[in-house]
Amino acid sequence: MKLITIVGARPQFIKAAAVSRAIARHNHRHPERPLREIIVHSGQHHDANMSEVFFQEMEIPRPDHTLGIHTLGHGAMTGRMLESLETLLRNERPDAVLVYGDTNTTLAGALAAVKLHIPVAHVEAGLRSFNRAMPEEINRILTDHCATWLFCPTPTAVENLTREGVPQRPEVFIQHCGDVMFDTIRHFAPKAEGAAIRHRQGLAAGYWLCTLHRAELTDDPNRLRQVFATLQELAREHPLILPLHPRTRQAMERLGIDPHSPGIRITPPVGYLEMLDLLKHAGLVLTDSGGLQKEAFFMGKGCVTLREETEWTELVSAGCNLLAGFSPDALRQAVMTMAGRRVDPTTLTIFGQGESSDRIVATLTAWNASQSVNQKVYKPHAIA
Ligand code: UDP
């Protein structure tokens, strides 16, 4: 089977790392029916600390093709990727295309493939914030409606797809397979101890770890000013580490906000192992990142989410994640509530046991063996 994996942004490298390892395992176990993976990097994230570091330390196979498309508006970026990917897919003629998450790269990959009648597999299908102002929400909905295989990380994701009528498409296969980010963290957490020592040196364990990068914050000057002022206030009482995303750094520079403040330790974006090490020694996570909300839970840390809604509603219901929104009062209150809360990562089993990527590879290779995608039926199965 020939599979083209299309990635381009940091969280996609982290998810693809798990599936690439599962492909290697499959090829080792079943040399008689190998799966050949061709990796395409769109270039959406291109700085060394947003891209290269993940390929290196997570041993992701080098991209076979790099498109170098970045630093453009949504329309231009998606359009150029679509055009380049169409040519590439015509030349490579894969059996299937694999896309991850909710970025412009995801949408361009899914659209390019489906228009050439190449079946699309979507990892992290079915997630919804129900906020259509988010570019990610549009990308996810459209990708799900192009995809043949919808690999859902949670039961809620399956329900969302059902509500949208996705299972009624005859060729569709929806699977609650768990979360590939859990596979990744399980594999790498034991290797991460000490990786971020240079960033946390001199800080006692229990500092708060913060990341911010969503457009709903960085594109709203008043909101960004207000949130940062609240973080500065909180950091006078409790130290905080903030690996600064390039988009947030640029927005702050434009607004003349100096990120360096007492109690706040600013770092450049860190590698994945550094992130896991920072997380392990943190007392609380404050974030607007989708991935980090889950990783906080996986590592037994409370999380305050600086958004009005989240796709990971199970974590909120379980009391492990508190949606604070952006107002100073709500943020202060949420931090006080979550700072003392114990989080037990064994309380929720919906994310699987670290075998989600093996399930994905098994589904794709079984389909390839049967080559009868039209007979695939809607059959989500629960995780034991
Ligand atoms: N991450 C990282 N270094 C950082 C910040 C985040 O390795 O400086 C990792 C984080 O641990 C998670 C992923 O990047 O695995 C989340 O990516 P991001 O927040 O950019 O995107 P989202 O998850 O919101 O789509």
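Here, every reference points to the structure presented above.
Residues numbered from 1 in each chain as written. Predicted model: local features only at pLDDT ≥ 70, side-chain atom pairs only at ≥ 80, totals over all residues. Heavy atoms only, no water.

Attention now goes to helix α4 (residues 104-115). With twelve residues, α4 should cover 16 Å at 1.5 Å per step; its first-to-last C-alpha distance of 17 Å lies within 8% of that length. Across the twelve residues that make up α4, a large majority, nine, are buried. Every buried residue of α4 is accounted for by Asn104, Thr105, Thr106, Leu107, Ala108, Gly109, Ala110, Ala112 and Ala113. Those residues of α4 that are buried lie in contact with β1 (2-7), α1 (10-29), α3 (74-92), β4 (96-100), β5 (120-123) and α5 (135-146). His117 occupies a position one or two residues after α4 and carries a positive phi of about 60 degrees. (Helix = DSSP H or I, 4+ residues; strand = E, 2+ residues; numbered from the N terminus. Expected span 1.5 Å × (residues − 1). Buried < 20%, exposed > 50% of the residue type's maximum accessible area, 1.4 Å probe, protein only. Contact = heavy atoms within 4.5 Å.)

Spatial strand order, β10-β9-β8-β11-β12-β13: six strands in an open sheet with parallel pairing. Edge positions in the sheet fall to β10 (264-267) and β13 (321-323), since each has one partner strand and no second. Strand-to-strand, the axes of this sheet are offset by a mean angle of 20 degrees, without reference to chain direction. Looking at chain direction, strand β8 (residues 208-211) and strand β11 (residues 284-287) are connected through four bridges and run parallel. Across the sheet, Leu209 pairs through a bridge with Val285, a residue of β11. Contacts from helix α15 (residues 328-339) reach β8, β11, β12 (302-305) and β13, with the element oriented near 170 degrees to β12. (Pairing = 2+ DSSP bridges. Axes fitted to C-alpha atoms, helices over the stretch in contact; angles between N-to-C directions.)

What follows is about the state of the cysteines. Following the criterion strictly, the structure yields zero disulfides and no others. Counting only cysteine sulfurs, Cys320 is the nearest neighbor of Cys303, a cysteine outside any disulfide, at a range of 9.7 Å. Relative accessible area serves as the criterion here: at 1%, Cys303 is assigned to the buried category. (Disulfide = S-S within 2.5 Å.)

Within β4, five of the five residues are buried, which leaves it mostly tucked inside the rest of the structure. Two strands pair when backbone bridges link them, and β1 and β4 are joined in this way by four bridges, in the parallel orientation. Looking across to β4, one finds that Leu3 is bridged to Ala96. As paired strands, β4 and β5 are joined by four bridges and run parallel to one another.

Here we come to the pairing of strand β9 (residues 240-243). Across the two faces of β9 the burial is the same, with Leu240 and Leu242 and Ile241 and Pro243 all buried. Where β8 meets β9, two bridges bridge the pair, whose relative direction is parallel. Considered in β9, the bridge of Trp208 is made with Leu240. In terms of strand pairing, β9 meets β10 through four bridges, oriented parallel. Within β10, the residue paired with Ile241 across the bridge is Arg265. With helix α11 (residues 246-255) bridging β9 and its parallel neighbour β10, the resulting β-α-β unit is right-handed. (Right-handed = clockwise from strand over helix to strand, strands pointing away.)

What follows concerns α5. Taking 1.5 Å of rise per residue, twelve residues should cover 16 Å, and α5 covers 17 Å from first to last C-alpha, within 8% of that figure. Residues Glu136, Glu137, Asn139, Arg140, Ile141, Thr143, Asp144 and Cys146 constitute the buried set of α5. The inward-facing, buried residues of α5 abut β4, α4, β5, β6 (149-152) and α6 (155-163).

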